[in-house]
Structures are given as C-alpha cells and as structure tokens.
Amino acid sequence: MSSQAGTSQQHPNNQDQDSDDDVFSQPRTPRRTPIACLFCRGRKLKCDGRQTCGNCQRRGLACTYQPIQK
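(A) Expanded view of the overall build of the chain. What the chain contains, in helices and strands, is three helices and zero strands. Along the chain, helices and strands appear, N-terminal first, in the series α-α-α. Restricting to contacts in the chain with at least 6 residues of sequence separation, those with at least 24 account for 26%. About 6600 Å² of surface is accessible on the chain, with carbon and sulfur atoms providing 49% of the total.

(B) The nonpolar core, seen in detail. Core analysis: the largest hydrophobic core is formed by seven residues, namely C37, F39, C40, C47, C53, C56 and C63. Beyond its immediate chain neighbours, meaning those up to four positions away, C56 contacts C37, F39, L61, A62 and C63.

(C) Molecular detail of unusual backbone geometry. If you check the backbone angles, K44 has positive phi at about 55° while not being a glycine. Considering the arrangement of structural elements, one finds K44 in the loop between α2 (38–43) and α3 (54–59). A residue is classified by how much of its surface remains accessible, and K44, at 77% relative accessible area, is exposed.

(D) Here's a closer look at the state of the cysteines. For the structure shown, the criterion picks out zero disulfides. Distance from the sulfur of C63, which forms no disulfide, to the nearest cysteine sulfur (C56) is 3.8 Å.

(E) Layout of the confidence of the model for the chain. In this model, the chain carries a mean pLDDT of 76, and residues with pLDDT of at least 70 account for 59%. Within the chain, the element-level pLDDT minimum falls on helix α1 (residues 2–25), averaging 53, and the maximum on α3, averaging 96.

(F) Representation of the environment of C63 in the model. For C63, the location among the structural elements is in the segment after α3. Distance from C63 to C37, taken between C-alpha atoms, is 6.3 Å for residues 26 residues apart in sequence. If we ignore the near neighbours within four places in the chain, the residues touching C63 are C37, Q51, T52, C53 and C56.

(G) Representation of the side chain of N55 in the model. Its location among the elements puts N55 in helix α3. For N55, a relative accessible area of 13% gives the class buried. Reaching out from N55, the side chain makes a polar contact with the side chain of R58 at a distance of 3.2 Å.

Definitions and cut-offs
- Residues numbered from 1 in each chain as written.
- Predicted model: local features only at pLDDT ≥ 70, side-chain atom pairs only at ≥ 80, totals over all residues.
- Heavy atoms only, no water.
- Helix = DSSP H or I, 4+ residues; strand = E, 2+ residues; numbered from the N terminus.
- Contact = heavy atoms within 4.5 Å.
- Areas by Shrake-Rupley, 256 points an atom, 1.4 Å probe, with all protein chains shown as cover.
- Core = buried A, V, L, I, M, F, W, Y, C linked by side-chain atoms within 4.5 Å.
- Buried < 20%, exposed > 50% of the residue type's maximum accessible area, 1.4 Å probe, protein only.
- Disulfide = S-S within 2.5 Å.
- pLDDT = per-residue confidence, 0-100.
- Polar contact = N/O pair within 3.5 Å; in protein donor to acceptor, adjacent residues only side chain to side chain.

Given below as structure tokens:
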C-alpha cells in the first residue's frame, strides 16, 4: 500500500513540473519604457517611465521628459 501512495503523490508533482517547463520555454522580455527622462538618458540609467521616475525621486530631482525628434 505504501508504494501506491508514493506513486499517487509523484503523479501530481510531474504535472506541476510539465507546466513549469512551459513557462520557461518562452524567453522573458523585459518591459521597455518608450522614453527615458532627461536625467536617465544623460546618465544612461534604466528609467521606469513614471511621472517621477525612481532614479529622480531617489535623488530629489525634477523628472522631465522630452520627446525624441527623429
């Protein structure tokens, strides 16, 4: 009887592992901010795109965005 209990417990775990493999089979792409604020652009930092981005907020700077002219 103990071997049957072990078998039934392993089966649900195998299904969980299959679903985890499906999640990892697709490459993760980080969300890209369409525009960076002037400070982040000047320092080449990752800007989160909020009205006042985290980098400017941490430094107590005015966070300003300027559209890119092509």
